[in-house]
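# Structural features, examined
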Amino acid sequence: MKAILLNILMFSCMILSAQDNFPVFGKDSVSIIGLSEYLGYIKAFHPIVKQANLIITESEAKLMKSRGAFDPKLEVDFDRKKFKNTEYYDKLNAAFKIPTWYGIELKGNFEENTGAYLNPESTVPADGLYSVGVSVSVAKGLLTNRRMAMLRQAKIFVNQAKADRQLLINNILFDATVAYFNWLKRYNEKRVFEDFLGNAQIRFDGIKKSYEVGDKPAIDTLEARITLNNRRLNLEKSRIKFIKSTLELSNYLWLNENTPIEINDGVIPDINTFDTIDNTLNTSILDIENMNLDEHPKLQSLGYKSQGLTIEKRLKMNNLLPQIDLQYNFLSETPESLNSFNSANYKSGVNISFPLFLRKERGDLKLAKIKIQDTEYEIQSTKVALKNKISAINQELNSFILQNDYTKIIVDDYDKMLTAEERKFFLGESSLFLVNSRESKLIDAKLKAISIENEFFNSKANLFNVLALSTY
């Protein structure tokens, strides 16, 4: 009778212990950090996210640089030669140039030349000579030229940089999310071992007391102690894995001014992440069947790259034309009088250049066409790969949901079997070996359920990464 009372007391203690979900942390000392809050820190302060933002700044700087090719220019050229007290010449040439879009350049010029040995063609009136004119490329460089192409490409690269930034940020958020899910997995595993360590301790204490009063053989205490130490060993292994996952998680947490954060012992993950993961990763509103992949940042980036290469190809085609530059300048001694600029006084010229074989130009054009074709192939293969990845991940998620339902049933059934076996053991109808065996099966089932949940979370993260769903 006394042995039965001891067994009933031990069984009651085990039931009370199983109701405690957080045996390590007190309720007042636990601080939960959810996935949404965690990703918020990363978006705001992580150095790689800040580095990704530099892509936009860099592209805007390049756009400003390309626009500089159309900035007006002021040029001054002064030459003087003096030898043995003889002033050979003083030559001053000042020009103001305004580049325009279609290979046309407006120019204003002032020329003043003096000296004993001045070249006759450089002779100008005493007060200098003014000119106003225009320079035009009538073949190569008229419809497109290097500065026009660079400006068009720079505008495209700004949009491409935005797509590339989203991809970079998405990658760091994906890595950080996987680290959080691993942290959650290790925490849940640790909780399982903590719970069953308490059960093993209570069972060992009860069997030890039964042995001391002569109701249990010594071999039962030995088996109970082996089980207890195994539980302690498993818990210690799990604790180390949890610490390592916590340190890995800390790699992604920063504050302002690039200050890293270290997670304290009292901080734990949100065990209800399953209920909030879709809202956090923006996967709750997905319509995979009707999704427009052309809006994917990767395909957008490749599209902008193709546009830039098309502009480059047009420039190479234009280089096949001959270089024909025309210039015409009205000359005047009195620039304050507009009537003084007339066709009677002028300076004009033409410059023609044309390679005979055009091997360099034809080679550049061929390379430009190859780059465009290569990009088109990449766009097509990327679109197919994205479509197949999305389909595979979607099927994987559906399978994990079904697997999760199965594991829940399995865990419940193993739990019922353990409870029944414990009752039989306390009534003397079973053995400690069978109880430990049932308990080991339950532990394995719970660990398998945690693993399947983690695989489900990682598949959600993969879907988030493949679709580049980050809204930054």
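Residues numbered from 1 in each chain as written. Predicted model: local features only at pLDDT ≥ 70, side-chain atom pairs only at ≥ 80, totals over all residues. Heavy atoms only, no water.

## Things to note about the overall build of the chain
Let me state the cut-off plainly: Numbering of helices and strands runs from the N terminus; a helix is a DSSP stretch of H or I covering at least four residues, while a strand is a stretch of E covering at least two. Values of the radius of gyration come from C-alpha atoms, whereas the globule rule sets the reference at 2.2 Å times the count of residues to the power 0.38. Classification of residues uses two cut-offs on accessible area relative to the type maximum, computed with a 1.4 Å probe and protein chains only: under 20% is buried, over 50% is exposed, and between them is partly exposed. Here a residue-residue contact requires only that any non-hydrogen atoms of the pair lie within 4.5 Å.
In terms of regular secondary structure, the chain is built from nine helices and ten strands. Whereas a compact globule of 472 residues would reach a radius of gyration of roughly 23 Å, the chain reaches 40 Å, over 25% beyond that. Principal axes of the C-alpha set define a box for the chain whose edges measure 135 × 50 × 35 Å. Here the chain holds 472 residues, and 37% of them are scored as buried. Partitioning the contacts of the chain with sequence separation of at least 6, the portion at a separation of at least 24 is 77%.

## A look at the packing of aromatic side chains
Working definition: an aromatic ring pair is given by the centre-to-centre distance plus the angle between the planes. Heads up, the condition is: Any two of the Phe, Tyr and Trp rings considered here, Trp counted by its six-membered ring, make a pair once their centres fall within 6.5 Å; the pair's planes then place it as stacked at under 30 degrees, edge-to-face at over 60, or tilted in between. As a reminder, the over-ring test applies to NZ of lysine and CZ of arginine, requiring each to be within 6 Å of the ring centre and within 35 degrees of the ring normal.
Taken as a whole, this structure holds 15 aromatic pairs when the rule is applied. Ring centres of Y41 and F45 lie 6.4 Å apart, and the angle between their planes is 40 degrees; this geometry places the pair in the tilted category. Note that Y41 and F45 are positioned in helix α2 (residues 35-45) at a spacing of four residues, about one turn of the helix. The class for F45 is partly exposed, based on a relative accessible area of 22%. Where F456 meets F457, the ring centres are 6.1 Å apart and the plane angle is 55 degrees; that geometry is what we call tilted. On the accessibility criterion, F457 (1% relative accessible area) is buried. An aromatic cluster of three or more residues is present, and its members are Y38, Y180, F181, W183, Y187, F242, F274, F456 and F457. A cation over a ring is seen here: K81 above Y88, with NZ or CZ 4.6 Å from the ring centre. Over the face of the ring belonging to F242 we find K190, whose NZ or CZ atom lies 5.1 Å from the ring centre.

## What about unusual backbone geometry?
At N85, a residue that is not glycine, the phi angle is positive and equals roughly 60 degrees. For L358, which is not glycine, the phi dihedral falls at a positive 55 degrees. With respect to the helices and strands, the residue L358 is situated in the loop between β10 (346-353) and α8 (359-426). What makes L358 buried here is its relative accessible area of 14%.

## Topic: the pairing of strand β2 (residues 73-83)
Spelled out, the test is: Strands are labelled as partners when DSSP assigns at least two bridges between them.
Relative to strand β3 (residues 86-99), β2 is paired through eleven bridges, and the arrangement is antiparallel. Paired with K73 across the bridge in β3 is K97. Where β2 folds back onto β3 in an antiparallel hairpin, the turn is made up of two residues, including K84, whose phi is positive at roughly 50 degrees.

## Observations concerning a nonpolar patch on the surface
As a reminder of what qualifies: Within the patch definition used here, like charges are joined within 9 Å and nonpolar side chains (Val, Leu, Ile, Met, Phe, Trp, Tyr) within 5 Å, considering only residues with over 30% relative accessible area and no salt bridge. Exposure was quantified through the Shrake-Rupley algorithm and a 1.4 Å probe, taking into account, for residues, occlusion by the shown protein chains and nothing else. Counted as salt bridges are all cases of a side-chain nitrogen of Lys or Arg within 4 Å of a carboxyl oxygen of Asp or Glu.
On the surface, a nonpolar cluster with roughly 480 Å² of combined accessible area is contributed by L74, V76, F96, I98 and L106. Structurally, L106 is set in strand β4 (residues 104-114).

## A closer look at the nonpolar core
Most often, soluble globular proteins keep nonpolar side chains buried together rather than apart. Which entries qualify depends on this criterion: Residues grouped as a nonpolar core are buried Ala, Val, Leu, Ile, Met, Phe, Trp, Tyr and Cys residues, joined through side-chain atoms within 4.5 Å.
With 45 residues, the main nonpolar core has Y38, I42 and W183 as its most contacted residues. Those elements that provide at least two residues to this core are α2, α3 (47-67), α4 (146-212), α5 (218-250), β8 (267-269), α7 (297-318), α8 and α9 (432-467). Here this core takes eleven residues from α4, the largest share from any one element. If sequence neighbours within four positions are ignored, I42 has contacts with V49, L173, A176 and Y252. Within the second largest apolar cluster, 21 residues are counted, among which are V192, F196, L228 and A449.

## Overview of the side chain of E422
Rules: Each polar contact in these results corresponds to two N or O atoms within 3.5 Å; when the atoms are within protein, one needs to be able to donate a hydrogen and the other to accept it, and residues that are neighboring in sequence are counted only if both atoms are side-chain atoms.
With respect to the helices and strands, E422 occurs in helix α8. In this structure E422 comes out as buried when scored by relative accessible area, which is 7%. Here R203 takes part through its side chain, which lies 3.4 Å from a polar atom of the side chain of E422.

## Concerning the pairing of β4
Note on strand geometry: in a regular strand, side chains alternate between the two faces of the sheet. Pairing between β3 and β4: ten bridges, direction antiparallel. If you follow D90 over to β4, its bridge partner there is T114. Between β3 and β4, which pair antiparallel one after the other, the connecting turn spans four residues, and G103 there sits at a positive phi close to 55 degrees. Summarising the sheet, β4 and strand β5 (residues 129-137) pair through eight bridges and their orientation is antiparallel. Within β5, the position partnered with E111 by the bridge is L129.

## Quick notes on the sheet that holds β10
As a general point, the strands of a sheet are linked pairwise by backbone hydrogen bonds and lie either parallel or antiparallel. Convention followed: In this description, a line fitted to the C-alpha atoms serves as the axis of each element, helices being fitted only across the stretch in contact, and the angle between N-to-C directions of two axes falls anywhere from 0 to 180 degrees.
Strand order in the open sheet formed by six strands is β2-β3-β4-β5-β9-β10, with antiparallel pairing between adjacent strands. The strands lining the two open edges of the sheet, one partner per strand, are β2 and β10. Shown here is a sheet whose adjacent strand axes are inclined to one another by a mean of 15 degrees, direction ignored. One ladder, built from eight bridges, connects β5 with strand β9 (residues 323-332); its direction is antiparallel. Counted as the bridge partner of G133 is N329 from β9.

## Quick notes on α9
Formally: Any helix carries an expected span of 1.5 Å times its number of residues minus one.
The end-to-end C-alpha separation of α9 is 53 Å, in line with the 52 Å expected for 36 residues at 1.5 Å each. Remark: A468 follows α9 within two positions and exhibits a positive phi of approximately 50 degrees.

## Some words on the confidence of the model for the chain
So the rule is basically this: Looking at any residue, its pLDDT shows the predictor's confidence there, from 0 to 100.
Chain-level pLDDT for the chain is 87 on average; 92% of the residues reach the 70-or-more range. Per-element confidence in the chain is highest for α7, whose mean pLDDT is 94, and lowest for helix α1 (residues 2-18), whose mean pLDDT is 38. A low-confidence stretch, residues 1-28 stays under pLDDT 50, and its non-local contacts, those more than four residues away or across chains, total 42 contacts.

## Re the pattern of salt bridges
Inspection of the entire model under this criterion finds 15 salt bridges. One salt bridge connects D278 with K460, and the closest N-O pair in it is separated by 2.6 Å. Highlighted residues: D278 in helix α6 (residues 273-280) and K460 in helix α9, separated in sequence by 182 residues. Owing to a relative accessible area of 10%, K460 belongs among the buried residues under this scheme. A salt bridge links E421 to R438; the shortest N-O distance between them is 3.3 Å. Placement of the pair is E421 in helix α8 and R438 in helix α9, with a sequence separation of 17 residues. With relative accessibility at 29%, the residue R438 sits in the partly exposed group.

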